[in-house]
Amino acid sequence: NEITSGKVEDIKVVEYEHVLSEGLELPNVPTLVDVTGLAKPALFSGVRRALQRKGRVWICHTRAEQYYPLDVDIEKVLAAEKNRDHYQLLNSLSEILTGEEGPYTIDGLLESDADESRRRVLCTFASAKHERLLSLLDARDYDRIEIIVPPRGTHRSEIARIAAEIAGWNFRASGTSEIRSDDLHGVIDELMRQYLYWYVERGYNIEFGLTGSKMQAVACAAVSVECKIAQCWYVRPKEFDPKRF
């Protein structure tokens, strides 16, 4: 705050609990949302309200030097599990420090007036923090799930793809799309494609799951302004580790 106060005259500090209950109120002026340090409910609310008010928002996102779980830790688990049993892999990975701890709570971020008699499809994301995706699917029933997975090439992406495979095994109908987690335009295009196909053409309720990256959450917020989304779910850990979050 001391650094910021030297550059900005008007600073307002908002408690996170207030954002959870009331959303993030923004003035009716051009807005920059720095998503780097925001938890996804605050991120979602800020981006959504800025777009609703002005139709435009600037996004700032600073990449971390390293992300948890670390690739070196994942590599040890992959090397130890030579049989590549997916369930055993994820059980072993649950012991790796990920920056958060369950059990997880599922929070709805939208006021919904959706017709509950419709069939439901979930559009969500796979990441190395696989427990968020699997916890959401344990808590909710769907007629179809669509999971965006990262391209191959890293140990973290391999774990994300394994989590997506396990999620797909537990549902009658599922599909995956491969898009980089930081490709904002690519994710928005894919979510719009899913919306047109499942909601407009087939009459399904569409729900989003914020189980991926910050930029994927930005995409969900943007699409939710223009499209009728039944609900957007945040999967909240019991605790965060500030040193590894």
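Quantities reported herein were computed from a predicted structural model and do not represent experimental measurements.

Q: Teacher, can you tell me more about the overall build of the protein here?
A: Scanning the protein for helices and strands turns up nine helices and 10 strands. Counting every position in the protein, which comprises 245 residues, the buried fraction comes to 47%.

Q: When you look at the sheet that holds strand β6 (residues 144–149) in this model, what are you seeing that I'm missing?
A: Strand pairing in a sheet relies on backbone hydrogen bonds, with the paired strands running either antiparallel or parallel. The six strands lie next to each other as β4-β9-β8-β5-β6-β7, forming an open sheet whose pairing is mixed. Pairing within the sheet leaves two strands with one partner each, and these edge strands are β4 (105–108) and β7 (174–178). Along the sheet, successive strands turn relative to each other by an average axial angle of 25°, direction set aside. With five bridges joining them, strand β5 (residues 120–125) and β6 adopt parallel strand pairing. Looking at the pairing, Thr124 lines up with Ile147 of β6.

Q: What is the right way to look at the pairing of strand β9 (residues 231–236) in this model?
A: The side chains of a regular strand alternate, residue by residue, between the two faces of the sheet. Of all six residues in β9, five are buried; the element is thus mostly enclosed. Relative to β9, β4 runs antiparallel, the two sharing four bridges. Looking across to β9, one finds that Ile106 is bridged to Val235. In this sheet, β9 lies alongside strand β8 (residues 205–210) in parallel orientation, the contact comprising four bridges.

Q: Which parts of the structure should I look at to understand the side chain of Arg144?
A: Along the chain, Arg144 turns up in strand β6. Setting aside residues up to four positions removed in sequence, Arg144 forms contacts with Arg120, Val121, Leu122, Ala173, Ser174, Gly175 and Trp198.

Q: Explanation requested: the pattern of salt bridges in the structure shown.
A: Opposite charge on two side chains allows them to pair when their charged atoms are near. Overall, the coordinates contain nine salt bridges when judged by the stated rule. The partner of Asp182 in a salt bridge is Arg63, with the nearest N and O atoms 2.5 Å apart. Taken together, the positions of Asp182 in the loop between β7 and α8 (184–201) and Arg63 in the loop between β2 (58–60) and α4 (71–80) put the pair 119 residues apart, joining distant regions of the chain. Since its relative accessible area comes to 56%, Arg63 is described here as exposed.

Q: How should the packing of helix α3 (residues 40–54) against helix α9 (residues 214–226) be read in this particular structure?
A: The packing of two helices is summarised by the inter-axis angle and the distance between the axes. For the pair α3 and α9, interaxial distance at closest approach is 9 Å and the crossing angle is 40°. When the axis of α3 is compared with that of α9, the two are oblique. Considering the relative orientation of α3 and α9, their crossing is right-handed. In contact with Lys40, Leu43, Phe44, Val47, Arg48, Leu51 and Gln52 of α3, α9 contributes Lys214, Ala217, Val218, Cys220, Ala221, Ala222, Ser224 and Val225. Its residues placed into classes, the contact of α3 with α9 shows 10 nonpolar, two polar and three charged.

Q: Quick question: what am I supposed to make of the packing of aromatic side chains here?
A: The geometry of an aromatic ring pair comes down to the distance between the two centres and the angle between the two planes. Per the stated rule, a full pass over the model turns up three aromatic pairs. Centroid distance Tyr197 to Trp198: 4.8 Å. Interplanar angle 85°. Geometry classified as edge-to-face. An angle of 70° between the planes, with centres 4.9 Å apart, marks the rings of Trp198 and Tyr204 as edge-to-face. Tyr204 gets classed as buried once you look at its relative accessible area, which sits at 6%. We note Arg120 situated over the ring of Tyr142; from NZ or CZ to the ring centre the distance is 5.3 Å.

Q: Could you clarify how one ought to interpret the nonpolar core in this entry?
A: Ranked by size, the top nonpolar core spans 37 residues in total, and within it Val47, Leu191, Ile206 and Phe208 carry the most contacts. Secondary structure elements with two or more residues in this core: α3, β5, α8, β8 and α9. Here Val47 is in contact with Val33, Val57, Ile59, Val218 and Ala221, once residues within four sequence places are set aside. Of all hydrophobic cores here, the second largest spans 23 residues; its members include Tyr104, Ala164, Ile166 and Val235.

Q: Can you help me understand the packing of α8 against α9 in this one?
A: At a minimum axis distance of 9 Å, the contact between α8 and α9 shows a crossing angle of 45°. Between α8 and α9, the angle is such that the two are oblique. Note on packing geometry: the crossing formed by α8 with α9 is right-handed. Residues Leu184, Val187, Ile188, Leu191 and Met192 of α8 touch α9, and the partners they reach there are Met215, Gln216, Val218, Ala219, Cys220, Ala222 and Val223. Of the residues contributing to the contact of α8 with α9, the split by class is 11 nonpolar, one polar and no charged.

Reading the values: rules and limits
Along each chain, residues carry numbers from 1 onward, in the same order as the chain's sequence is written. With pLDDT at 70 or above as the cut-off, local features in this predicted model cover only qualifying residues; side-chain atom pairs require 80 or more to be listed or tallied, and sums for whole chains, interfaces and linings still use all residues. Side-chain descriptors were evaluated using all non-hydrogen atoms of the structure, hydrogens and water having been removed beforehand. Put simply, DSSP H or I for four residues or longer makes a helix, DSSP E for two residues or longer makes a strand, and each gets a number counted from the N terminus. Here's how the labels work: a residue is buried when its accessible area is under 20% of the maximum for its type, exposed when over 50%, partly exposed in between, all with a 1.4 Å probe on protein chains only. In this analysis, strands are considered paired if DSSP registers two or more bridges between them. The axes used here are C-alpha line fits, helices contributing only the stretch in contact, and every angle between their N-to-C directions lies in the interval 0 to 180 degrees. The contact criterion used is simple: two residues touch if any of their non-hydrogen atoms lie within 4.5 Å. By definition, a salt bridge exists where a carboxyl oxygen of Asp or Glu is found within 4 Å of a side-chain nitrogen of Lys or Arg. Every angle not falling under 35 degrees, over 145, or within 65 to 115 is termed oblique; those three ranges are roughly parallel, roughly antiparallel and roughly perpendicular. Less than a right angle of anticlockwise turn of the near helix away from the far helix marks a crossing as left-handed, whereas a clockwise turn marks it as right-handed. Gly counts as polar in this scheme, as do all residues outside two lists: the nonpolar Ala, Val, Leu, Ile, Met, Phe, Trp, Tyr, Cys and Pro, and the charged Asp, Glu, Lys and Arg. Any two of the Phe, Tyr and Trp rings considered here, Trp counted by its six-membered ring, make a pair once their centres fall within 6.5 Å; the pair's planes then place it as stacked at under 30 degrees, edge-to-face at over 60, or tilted in between. The criterion is that NZ of a Lys, or CZ of an Arg, lies within 6 Å of the ring centre and within 35 degrees of the ring normal, and then a charge sits over that ring. Residues belong to a common nonpolar core when they are buried Ala, Val, Leu, Ile, Met, Phe, Trp, Tyr or Cys residues joined through side-chain atoms within 4.5 Å.

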